Amino acid sequence: MMVIEGAAVFFSIVYVILAAKRNIWCWPFAGISVLLYIYICFNAHLFAETGLQIFYLSMAFYGYYNWNKKKQSLQISEWSINKHFAVLILGAILTFLMGFYFTTYTNAKMPIVDSFTTVFSIIATYMVTKKILGNWLYWIVIDTVSIYLFYSRGLHLTSLLFITYTIIAIFGYFNWVKMMQEDV
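Values in this document were obtained by computation on a predicted structure and should not be read as measured data.

Analysis parameters
Residues numbered from 1 in each chain as written. Predicted model: local features only at pLDDT ≥ 70, side-chain atom pairs only at ≥ 80, totals over all residues. Heavy atoms only, no water. Helix = DSSP H or I, 4+ residues; strand = E, 2+ residues; numbered from the N terminus. Buried < 20%, exposed > 50% of the residue type's maximum accessible area, 1.4 Å probe, protein only. Contact = heavy atoms within 4.5 Å. Core = buried A, V, L, I, M, F, W, Y, C linked by side-chain atoms within 4.5 Å. 1 Å grid on protein atoms, 1.4 Å probe; cavity = no way out; pocket = protein on both sides within 12 Å on 5 of 7 lines; lining within 4 Å. Points joined across faces, edges and corners; volume = space filled by probe spheres on them. Nonpolar A, V, L, I, M, F, W, Y, C, P; charged D, E, K, R; others polar. Salt bridge = Lys/Arg side-chain N within 4 Å of Asp/Glu carboxyl O. Patch = residues over 30% accessible without salt bridge, like charges linked within 9 Å, V, L, I, M, F, W, Y side chains within 5 Å. Areas by Shrake-Rupley, 256 points an atom, 1.4 Å probe, with all protein chains shown as cover. Phe/Tyr/Trp six-rings, centres within 6.5 Å; stacked < 30°, edge-to-face > 60°.

Enquirer: In this structure, what is going on with the side chain of Ser12? I would like to understand it.
Expert: Here Ser12 is to be found in helix α1 (residues 2–20). Of the residues examined, Ser12 reaches a relative accessible area of 1% and is grouped as buried. Ser12 has contacts with Ser33, Tyr37, Leu161 and Tyr165, leaving out every residue within four places of it along the chain.

As structure tokens, this is what we get:
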């Protein structure tokens, strides 16, 4: 399991670094890492996270397609405060509902925390595919919570990965701000 987790960490780091640089090749690396994490998360009884990895796989294809459109150049943009507020409320409701389900009907470990990272990762991943600047701020929070989630399940390399993700997300945010200003 340590070798598989190590490979998943490697491909994940490459993905996030390339995404922070707005490089389209981030998406194939994402696809490889999520295939590995589907296996890892299922075996760790992180069922919401397993479902999230399946979602990530579809987003790797969608992200590549969306970033590769030749007819229009997808520019970095930002959502309004009202849109972020609505997304946060919806995310909190979905987190509660998913957490309730996994608490009641499965033997999932840390179902509320797992549901939080899952719901908001879906939102943030969608934001990345659309090049929404605020995705990096969401990732900073999600990654910080994920450090604890994975460490508590004994997935120490993955916990270190999320420390790295948090640092890269901070870099990614400021890099995208700079690119957004250059695109204007």
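Enquirer: What is the right way to look at the nonpolar core in this model?
Expert: Note that soluble globular proteins tend to have their nonpolar side chains buried in a common cluster. Counting 48 residues, the largest nonpolar core has Tyr15, Trp27, Trp67, Trp136, Tyr138 and Trp139 as the members making the most contacts within it. Contributing elements (two or more residues each) for this core: α1, α2 (26–43), α3 (47–67), α5 (111–129), α6 (135–152) and α7 (156–183). Ranked by the residues each element gives to this core, the list is headed by α1, at eight residues. Among all residues touching Trp27, those that are not within four sequence positions of it are Tyr15, Met59, Ala60, Gly63, Tyr64, Trp67, Val128 and Thr129.

Enquirer: Please clarify how empty space enclosed by the protein should be interpreted in this entry.
Expert: Gaps between atoms show up when a probe of the same size as a water molecule is rolled over them. Throughout the structure, instances matching the rule amount to one cavity of 30 Å³ or more. Put simply, the largest cavity is a space of about 380 Å³. If you trace the largest cavity, you find 29 residues lining it, with Tyr15, Val16, Tyr56, Trp139 and Tyr165 closest to the centre. Among the secondary structure elements, those contributing two or more residues to the lining of the largest cavity are α1, α2, α3, α5, α6 and α7. Residues belonging to the lining of the largest cavity are distributed by class as follows: 20 nonpolar, seven polar and two charged.

Enquirer: I tried to follow unusual backbone geometry on my own but got confused; where do I start?
Expert: The phi torsion of most residues other than glycine is negative, and most of the peptide bonds are trans. Within the chain, His45 stands out as a residue other than glycine whose phi angle is a positive 60°. Take His45: it is sitting in the loop between α2 and α3. At Met110, a position not held by glycine, the phi torsion is positive, near 50°. For Met110, the location among the structural elements is in the loop between α4 (81–105) and α5. With a relative accessible area of 22%, Met110 lands in the partly exposed category.

Enquirer: What exactly am I supposed to notice about the side chain of Asn135 here?
Expert: Within the secondary structure, Asn135 sits in helix α6. Dropping the residues within four chain positions of it, Asn135 is found in contact with Ala124, Met127, Val128 and Trp176.

Enquirer: It is not clear to me how the pattern of salt bridges should be interpreted in this structure. Could you clarify?
Expert: Between side chains of opposite charge, pairing is possible as soon as their charged atoms come close. Applying the stated criterion to the full structure yields one salt bridge. Notably, a salt bridge pairs Asp183 with Arg22, separated by 2.8 Å at the nearest N-O pair. Here Asp183 is found in helix α7, whereas its partner Arg22 is found in the loop between α1 and α2, with 161 residues between them in sequence. Classification of Asp183 by relative accessible area gives partly exposed; the value is 34%.

Enquirer: Explain a nonpolar patch on the surface to me, please; I cannot follow it from the model alone.
Expert: Together, Phe85, Ile89, Leu90, Ile93, Leu94, Phe96, Leu97, Phe100, Tyr101 and Tyr105 make up a nonpolar patch on the protein surface, roughly 1,100 Å² of accessible area in all. In this structure, Tyr101 sits in helix α4. On the accessibility criterion, Tyr101 (43% relative accessible area) is partly exposed.

Enquirer: Teacher, can you tell me more about the packing of aromatic side chains here?
Expert: Aromatic ring pairs are defined here through the distance separating the ring centres and the angle between the ring planes. Tallied over the full model, the rule gives 15 aromatic pairs. Ring geometry for Phe116 against Phe120: centres 5.1 Å apart, planes inclined by 45°, an arrangement best described as tilted. In this pair, Phe116 and Phe120 are both assigned in helix α5, four residues apart and thus about one turn of the helix distant. What makes Phe116 partly exposed here is its relative accessible area of 24%. In this structure Phe120 comes out as buried when scored by relative accessible area, which is 7%.

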